[in-house]
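Below, each chain spelled out in residue letters.
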Amino acid sequence: TDESRVLARTLLEIVFRIRAINRNDEALQRYIADDKIFQKKTLKGLLNLPADWPSPALATKEEIDEAFNSVEQAIVDTKTKVTSISWYAEKAELKELYITAYALLSNATHVTVRDIYRYLEIKDKKIVSLSHTPDMEDALFVITLGASLLKISLHELSSIFSIDEYESICAQLQALAEKI
């Protein structure tokens, strides 16, 4: 279920962003600006490749260096900082989902030693067995949440773009949620 939780968390981040952008002009500007920071990290990674590593086929080291400096200057000029998921959730008016579902789903992304315990049966301070079966209750939670998040994102997208199958897709997602 960890993989499905990671996917659900990603979908929730998308919902926060789509809804925030749909409801707040500043969110779109920040979303676009955030890409500059991603570009900078990517270019910096390319610049830090070992000297004997083959250079990317599409650019010389000088071109990458020039692109890095240009992106870095744009970040400085616009005073761009990474926008947190919490900020998008707040602008999307979904802060409660951030505090609850997002926090629960983040456990699958940021693994800790605590996560190992669910796979172990311990008696008298000794490991007596190892379990690797999926947690069906957790799986049902993730599937239901995923269906709800898809409905929210489709609703937001349908208010921006015309989606011919919107009603049909929502009805199918509702039927899935009811079966679960």
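Since the model is a prediction, treat every value here as computed from it, not as a measurement.

Rules of the game
Residues numbered from 1 in each chain as written. Predicted model: local features only at pLDDT ≥ 70, side-chain atom pairs only at ≥ 80, totals over all residues. Heavy atoms only, no water. Helix = DSSP H or I, 4+ residues; strand = E, 2+ residues; numbered from the N terminus. Rg over C-alpha atoms; globule rule 2.2 N^0.38 Å. Buried < 20%, exposed > 50% of the residue type's maximum accessible area, 1.4 Å probe, protein only. Contact = heavy atoms within 4.5 Å. Areas by Shrake-Rupley, 256 points an atom, 1.4 Å probe, with all protein chains shown as cover. pLDDT = per-residue confidence, 0-100. Patch = residues over 30% accessible without salt bridge, like charges linked within 9 Å, V, L, I, M, F, W, Y side chains within 5 Å. Salt bridge = Lys/Arg side-chain N within 4 Å of Asp/Glu carboxyl O. Lys, Arg positive; Asp, Glu negative; His and termini not counted. Charge placed at Lys NZ, Arg CZ, Asp CG, Glu CD. Phe/Tyr/Trp six-rings, centres within 6.5 Å; stacked < 30°, edge-to-face > 60°. Pairing = 2+ DSSP bridges. Core = buried A, V, L, I, M, F, W, Y, C linked by side-chain atoms within 4.5 Å. Expected span 1.5 Å × (residues − 1).

### Here we look at the overall build of the protein
In step 1: A tally of helices and strands in the protein yields seven helices and two strands.
In step 2: Mapped from its N terminus to its C terminus, the protein presents α and β elements in the order α-α-α-α-α-β-β-α-α.
In step 3: Here the protein has a C-alpha radius of gyration of 22 Å; the compact-globule value for 180 residues is 16 Å, and the former is much larger.
In step 4: Across its three principal axes, the protein shows a C-alpha extent of roughly 60 × 50 × 30 Å.
In step 5: The buried share of the protein, taken over its 180 residues, is 27%.
In step 6: Pairs at least 24 apart in sequence give 72% of the contacts found in the protein among residues at least 6 apart.
In step 7: Element-wise, carbon and sulfur atoms account for 58% of the exposed surface of the protein, whose accessible area totals about 12,500 Å².

### Describing the confidence of the model for the protein
In step 1: Summing up the model confidence of the protein, the mean pLDDT is 84 and the portion of residues at 70 or higher is 92%.
In step 2: Averaged pLDDT values over the elements of the protein bottom out at 74 in helix α7 (residues 166-179) and peak at 97 in helix α4 (residues 85-91).

### Quick notes on a negative patch on the surface
In step 1: Where like charges cluster on the molecular surface, the negative patch consists of E62, E63, D65 and E66.
In step 2: With respect to the secondary-structure elements, D65 resides in helix α3 (residues 61-78).

### Considering the packing of aromatic side chains
The relation between two aromatic rings is expressed through the spacing of the ring centres and the mutual angle of the planes.
In step 1: One pass over the full model with this rule turns up four aromatic pairs.
In step 2: A centroid spacing of 6.3 Å and a plane angle of 55° characterise the contact between F16 and Y98, whose relative ring orientation is tilted. Here the residue F16 occupies a position in helix α1 (residues 2-23), and Y98 occupies one in helix α5 (residues 95-109), the gap between them amounting to 82 residues.
In step 3: Centroid distance F16 to Y102: 6.1 Å. Interplanar angle 55°. Geometry classified as tilted. With F16 in helix α1 and Y102 in helix α5, this residue pair connects regions lying 86 residues apart in the sequence. The pair formed by F16 and Y102 is uniform in burial state, with each residue classed as buried.

### Here we look at the environment of K179
In step 1: Among the structural elements, K179 can be located in helix α7.
In step 2: Judged by relative accessible area, which is 73%, K179 ranks as exposed.

### Overview of the pairing of strand β1 (residues 120-123)
In step 1: Pairing between β1 and strand β2 (residues 126-130): four bridges, direction antiparallel. From the neighbouring strand, K123 faces β2, where its bridge partner is K126.
In step 2: Where β1 folds back on β2, the antiparallel hairpin that results is connected by two residues, among which D124 adopts a positive phi of roughly 50°.

### What about the nonpolar core?
Most often, soluble globular proteins have nonpolar side chains that are buried together.
In step 1: Grouped together as the largest cluster of nonpolar side chains are 19 residues, with contacts concentrated most on L12, F16, Y88, L105 and L149.
In step 2: Going through the elements one at a time, α1, α4, α5 and α6 (136-160) are the ones with two or more residues in this core.
In step 3: No other element matches α1, which puts six residues into this core.
In step 4: Excluding residues that lie within four positions of it along the chain, L149 makes contacts with A8, L11, L12, V15 and L97.

### Observations concerning α3
In step 1: Over its 18 residues, α3 runs 26 Å from end to end, which matches the ideal 26 Å to within 8%, given 1.5 Å per residue.
In step 2: Residues of α3 that are buried sit in contact with α2 (25-47).
In step 3: Where α3 terminates, the next one or two residues include K79, which has phi positive at roughly 55°.

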